[in-house]
Structure formats: C-alpha cells, structure tokens
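Letter by letter, the chains look like this.
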Amino acid sequence: MTSLKPPRPSARTKLLDAALRIIREKGFSATSVDDLCAAAGVTKGAFFHHFKSKDDLAVAAADYWSTLTGGFFAAAGYHTHADPVDRVLGYIAFRRAIIQGPVPQFTCLAGTMVQETYDSHPAIRDACARSITEHAARVEADIAQAMAIHQPKADWTARSLALHTQAVLQGAFILAKATGDRAIAVDCVNHLYRYVAGLFACEPKVEETNVSP
C-alpha cells in the first residue's frame, strides 16, 4: 500500500509561515519583502501574486496567527476542568508553560506588530486588535461562568478581566524583549495567576503543564 504524503504548502502559506517567524524576530518595519521571500523559498513574483504589499501580508498574517493559535489553545487540557475558575487558572498556567525557548519563539505576532503600526497602518492595527480581542473573548467566557458561581456581586466585568490577562501577557513579552530574559515573563504570569486566584478567593495551585510551544 502506497503511503500518502501530506500536501506541500502553497507559496501563500509558506509566506505566512515565514511572516510569523521573521516579524517576531525582527519586527514589522525591519522585515522586507525580500526577507520574507528568502525565508519562504519563493520568488518575489509569487509574493505579489498572493499579496498586494507587505501591509496586505501583515493583515493576512495576523488572521493566520489567530487561526493557528486558536486551534492550539482549543486543544489544551485546561478546558477539561469542571470548575470554570480552574479553567481560567489553567489557561494562565498554560500560558506560563509555553514561555519557552528564545524570546521570538514565545512572543505574540499581533502584539509585536501593533506596537509599530498602531498609528501608521490602521488596517494592520485593526487586524492585530481583532486577534488579541478575539482570543480574550474565549477566556472571557470561562471568566463569566466563574463569576456567576464564585463572584456574583463583583464590581468588575468578565471582559475587563479577560483583557487584563492579555495586557499582562503582552507586557510580560515586552519585558522579556527588553531584557532578553524569559524568566521575567514567567514571573509576570505567576503574579497574574496569584491575582486571579485572589479575585476568586482560591488558593493558588501549582500546575505543571508540559507542552511544546
């Protein structure tokens, strides 16, 4: 029986994969079309067949990033917890566990691009905002359920806490970039874990989640 080989990625997919890696390593402004083509192993003609410009690719890359990371987080084990508080804390523990390897490997494409483009490239800014807020919305659903059970009279909202988790994570990534030290990012996420546990009056648990980023 002949084994079936997986389909080869298209030039468009190769360029998007290259964008995810190169932009997180170099930043959006420092990444050229030539850099992306070289990393993807495609011609410049192929680039402009699929994308009108580097900005056009960046918007597509933010959406592609959301799709890939959305599937990655959807498959994570923390969703199996019965108590929604445990799912929220499990999410934070999972985010801590995937802070591994060199800094560009665990940082966020959307967060990296929006810092450079928020004022000058509104289409990229909006794509990055969509990526970050859609991810936050998935966390928000568990937070809302946790509030209904454990904090029904809270004077804060599930949305505000979900966005706060993203603010801490993005800030942790910035500190890791500034210092070259991923341990600082881990410390920030540990503090986020303790903070959220305190909001729900839960004793923080040590959760070891072994995953490959």
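What counts, and where the lines are drawn
Residues numbered from 1 in each chain as written. Predicted model: local features only at pLDDT ≥ 70, side-chain atom pairs only at ≥ 80, totals over all residues. Heavy atoms only, no water. Core = buried A, V, L, I, M, F, W, Y, C linked by side-chain atoms within 4.5 Å. Buried < 20%, exposed > 50% of the residue type's maximum accessible area, 1.4 Å probe, protein only. Helix = DSSP H or I, 4+ residues; strand = E, 2+ residues; numbered from the N terminus. Salt bridge = Lys/Arg side-chain N within 4 Å of Asp/Glu carboxyl O. Phe/Tyr/Trp six-rings, centres within 6.5 Å; stacked < 30°, edge-to-face > 60°. Lys NZ or Arg CZ within 6 Å of the ring centre and 35° of its normal. Contact = heavy atoms within 4.5 Å. Expected span 1.5 Å × (residues − 1). pLDDT = per-residue confidence, 0-100.

1. Considering the nonpolar core
Within the largest apolar cluster, 68 residues are counted, with the highest numbers of intra-cluster contacts made by L15, F47, I92, M113, I143, V196 and F200. If one sorts the elements of this core by residue count, helix 8 (residues 122-150) sits on top with nine residues.

2. Focus on the pattern of salt bridges
Scanning the entire structure with this criterion turns up five salt bridges. Ionic pairing is found between D142 and R87, a salt bridge with its closest N-O pair at 2.9 Å. With a gap of 55 residues between them, D142 in helix 8 and R87 in helix 5 (residues 84-97) connect regions that are remote in the sequence. By relative accessible area, D142 is classed as buried at 12%.

3. Quick notes on the environment of A62
Within the element layout of this structure, A62 appears in helix 4 (residues 54-74). Judged by its relative accessible area of 0%, A62 falls in the buried class. For the pair A62 and A30, spaced 32 residues apart in sequence, the C-alpha to C-alpha distance is 17 Å.

4. Considerations on the packing of aromatic side chains
Applying the stated criterion across every chain yields a total of ten aromatic pairs. Here Y78 and Y91 contribute two aromatic rings whose centre-to-centre distance is 5.8 Å and whose plane-to-plane angle is 70°, an arrangement assigned as edge-to-face. With a gap of 13 residues between them, Y78 in the loop between helix 4 and helix 5 and Y91 in helix 5 connect regions that are remote in the sequence. Where W156 meets F200, the ring centres are 5.7 Å apart and the plane angle is 80°; that geometry is what we call edge-to-face. Here W156 is found in the loop between helix 8 and helix 9 (158-179), whereas its partner F200 is found in the segment after helix 10 (182-199), with 44 residues between them in sequence. Given a relative accessible area of 4%, F200 falls into the buried group. One aromatic cluster is present, built from ring pairs that chain together F72, F73, Y78, Y91 and F94. We note K54 situated over the ring of F28; from NZ or CZ to the ring centre the distance is 4.2 Å. Of note, R96 hangs over the ring of Y193, and the distance from its end group to the ring centre comes to 5.6 Å.

5. Notes on helix 7 (residues 109-117)
Because an α-helix completes one turn every 3.6 residues, residues spaced three or four positions apart along the sequence face the same direction. The set of residues buried in helix 7 consists of L109, A110, G111, T112, M113 and T117. On its buried face, helix 7 is in contact with helix 1 (11-26), helix 4, helix 8 and helix 9.

6. A look at helix 9
With 22 residues, helix 9 extends 32 Å from end C-alpha to end C-alpha; this agrees with the ideal 32 Å at 1.5 Å per step. Three or more residues of helix 9 are buried, namely A158, L161, A162, T165, Q166, V168, L169, Q170, A172, F173 and A176. Where helix 9 is buried, its residues touch helix 5, helix 6 (103-106), helix 7, helix 8 and helix 10. Of the residues one or two after helix 9, G180 is the one with positive phi, at around 70°.

7. Comments concerning the confidence of the model for the chain
Scored by pLDDT, the chain has a mean of 92; 92% of the residues are at 70 or more. Between residues 208-213, whose pLDDT stays under 50, and residues either more than four places distant or in other chains, the model counts ten contacts.

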